[in-house]
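A closer look at the structure
Here is what each chain is made of, one letter per residue.
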Amino acid sequence: MKRIASTAVALALGLAFAGAAHAEEKKTLAFVVNGASDFWKAAEAGVKAAQAELPNYELVLKYPEQSSAAIQIRLMDDLVASGVAAIMVSAVDPKTESEALNRIGQQVLLATTDSDAPQTSRIAYIGSSNTDAGKQAGELVLKALPDGGKCMGFVGLLGADNAKERIQGVKDVIAGSKVELVDVRGDDIDFTRAKRNVEDTLTANPDINCMIGFYSYNTPKIYEALKEAGQLGKIQVIGFDEDPTTLGGVREGTIIGTVVQQPYEWGYQGMKYLAKALEGDKSWIPENKLLIVPTKIIDKTNVDAFEAELKKRQGK
């Protein structure tokens, strides 16, 4: 009996160790965003969809405590220390983070999204062409102001490549027209400050007749400030991304249109591509290391269809 019991215990322990070893074999892929925003909910849905197709991996999406380069780097260092195999990141400030991103890219597989860091050891950028997105916003500006006007832009991170490229895209399209982009105000992803920037503009720049929200939350803050000031519908608004307030404004006609990205695809495709790279397949990486997910313009003609598809993907 003792021999049978010992055999049973040994078998149970063997199975337990085998299960633990199997669990340890699962590699973790992390998607690290640049700050807390509802914009990233679509990316979360994409990561979740990829998880269903990657049972041998553990997929996580991480938010830094604040939109700070130092905090984001610390978060990634913690992930590396915990044994993560690959990271996909929207860098808060690619220039100041370049050294850290290079270091991290030498320890784990690293890809960028949303805001690229091309001068680093990242294997690829998977996301939008922010220059093209800016040009689409510029087209909306010209449509909104056929006789010319003055625009003020609002953005989270003035130093981020995604911001600079979108702004430049707008400037390229409106060059030579009667439309002027007077300035762009940054807020460091501080929602209170984002709204205050709009309020200050209304006071200090009464000649502004167009406002552009370059980050997902900027347009809703423009909407709120204009509504409270009784200026909604009087100042032309152009947005980025698909915040519910933005889509509602497009539907009611108080927002001319918004340029939407596909963060769902960043999460879904990004995680699947990183898994492929870990398995030795890097054939998906283009020569220029840019895997562009197209952006598109949403206006009154297609907002309902777009929102229905968005809710379907997010399981609502």
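Let us look at the structure shown here. (Residues numbered from 1 in each chain as written. Predicted model: local features only at pLDDT ≥ 70, side-chain atom pairs only at ≥ 80, totals over all residues. Heavy atoms only, no water.)

Time to look at the overall build of the protein chain. Helices and strands together make up the secondary structure of the protein chain, namely 11 helices and 12 strands. Dimensions of the protein chain, computed from C-alpha atoms along their principal axes, come out at roughly 95 × 40 × 35 Å. Looking at the protein chain as a whole, 52% of its 316 residues qualify as buried. Of the contacts formed within the protein chain by residues at least 6 apart in sequence, a portion of 72% connects residues at least 24 apart. Carbon together with sulfur atoms contributes 51% to the accessible area of the protein chain, which is approximately 14,700 Å² in total. Here the protein chain contributes 36 positively and 42 negatively charged side chains, and the mean placements of these two sets differ by 4 Å. (Helix = DSSP H or I, 4+ residues; strand = E, 2+ residues; numbered from the N terminus. Buried < 20%, exposed > 50% of the residue type's maximum accessible area, 1.4 Å probe, protein only. Contact = heavy atoms within 4.5 Å. Areas by Shrake-Rupley, 256 points an atom, 1.4 Å probe, with all protein chains shown as cover. Lys, Arg positive; Asp, Glu negative; His and termini not counted. Charge placed at Lys NZ, Arg CZ, Asp CG, Glu CD.)

What follows concerns helix α2 (residues 41-53). In an α-helix, one full turn covers 3.6 residues, which means residues spaced three or four apart are oriented alike. Taking 1.5 Å of rise per residue, 13 residues should cover 18 Å, and α2 covers 19 Å from first to last C-alpha, within 8% of that figure. Burial in α2 covers these residues: A42, A43, A45, G46, V47 and A50. Those residues of α2 hidden inside the fold are in contact with β1 (27-32), β2 (57-62), α10 (263-278) and α11 (303-313). (Expected span 1.5 Å × (residues − 1).)

This part is about the side chain of S115. Along the polypeptide, S115 turns up in the loop between β4 (109-112) and β5 (125-127). Within the local environment of S115, its side chain forms a polar contact with the backbone nitrogen of N162, the two atoms lying 3.4 Å apart. Leaving out residues up to four positions away in the same chain, S115 has contacts with S90, A91, P94, Y125, A160, D161 and N162. (Polar contact = N/O pair within 3.5 Å; in protein donor to acceptor, adjacent residues only side chain to side chain.)

What follows covers the layout of surface pockets. Empty space within the largest pocket amounts to approximately 390 Å³. In terms of lining residues, the largest pocket is bounded by 22 residues, among which D38, F39, E242, D243 and P244 are the most central. Its residues assigned to classes, the lining of the largest pocket comprises 8 nonpolar, 4 polar and 10 charged. (1 Å grid on protein atoms, 1.4 Å probe; cavity = no way out; pocket = protein on both sides within 12 Å on 5 of 7 lines; lining within 4 Å. Points joined across faces, edges and corners; volume = space filled by probe spheres on them. Nonpolar A, V, L, I, M, F, W, Y, C, P; charged D, E, K, R; others polar.)

A full pass over the atoms with the stated rule returns 1 cavity of 30 Å³ or more. Considered as a void within the structure, the largest cavity measures approximately 130 Å³ in volume. Along its surface, the largest cavity is lined by 14 residues, and N34, F39, D114, Y215 and S216 are the ones closest to its centre. The class makeup of the residues in the lining of the largest cavity is 5 nonpolar, 6 polar and 3 charged.

Our next topic: the pattern of salt bridges. Here the structure, examined in full by the defined rule, presents 16 salt bridges. Its salt-bridge partner being R185, residue D183 comes within 3.3 Å of it at the nearest N-O pair. Taken together, the shared-partner salt bridges connect K195, K221, E224 and E228 into one network. (Salt bridge = Lys/Arg side-chain N within 4 Å of Asp/Glu carboxyl O.)

So, about the pairing of β4. Every second residue of β4 is oriented toward a common face, with L109 and A111 on one face and L110 and T112 on the other, all of them buried. Of the pairings in the sheet, the one linking strand β3 (residues 86-89) to β4 comprises 4 bridges and is parallel in character. Bridge pairing in β4 links A86 to L109. Since β3 and β4 lie parallel, the crossover through helix α4 (residues 94-105) that links them has a hand, and here it is right-handed. (Pairing = 2+ DSSP bridges. Right-handed = clockwise from strand over helix to strand, strands pointing away.)

Okay, the nonpolar core next. By size, the foremost hydrophobic cluster in this structure holds 33 residues, and its most contacted members are F31, I123, M271, L274 and W284. When contributions to this core are tallied by element, the ones reaching two or more residues are β1, α2, β2, β3, β4 and α10. Among the elements that make up this core, the one with the highest residue count is α10 (8 residues). In contact with L274, other than residues within four places in its own chain, are L29, A86, I87, M88, L109, A111 and I123. Of all hydrophobic cores here, the second largest spans 29 residues; its members include V92, I167, V170 and F240. (Core = buried A, V, L, I, M, F, W, Y, C linked by side-chain atoms within 4.5 Å.)

On to α11, then. Restricting attention to buried positions, one finds in α11 the residues V303, F306, E307 and L310. Looking straight down α11, one finds its buried side chains confined to an arc of 95°; they lie on one side. Turned more than 90 degrees from where α11 packs its buried face, A305 and K312 sit exposed. Residues of α11 that are buried in the fold lie against α9 (244-252), β10 (257-260) and β12 (296-298). (Arc of directions from axis to C-beta.)

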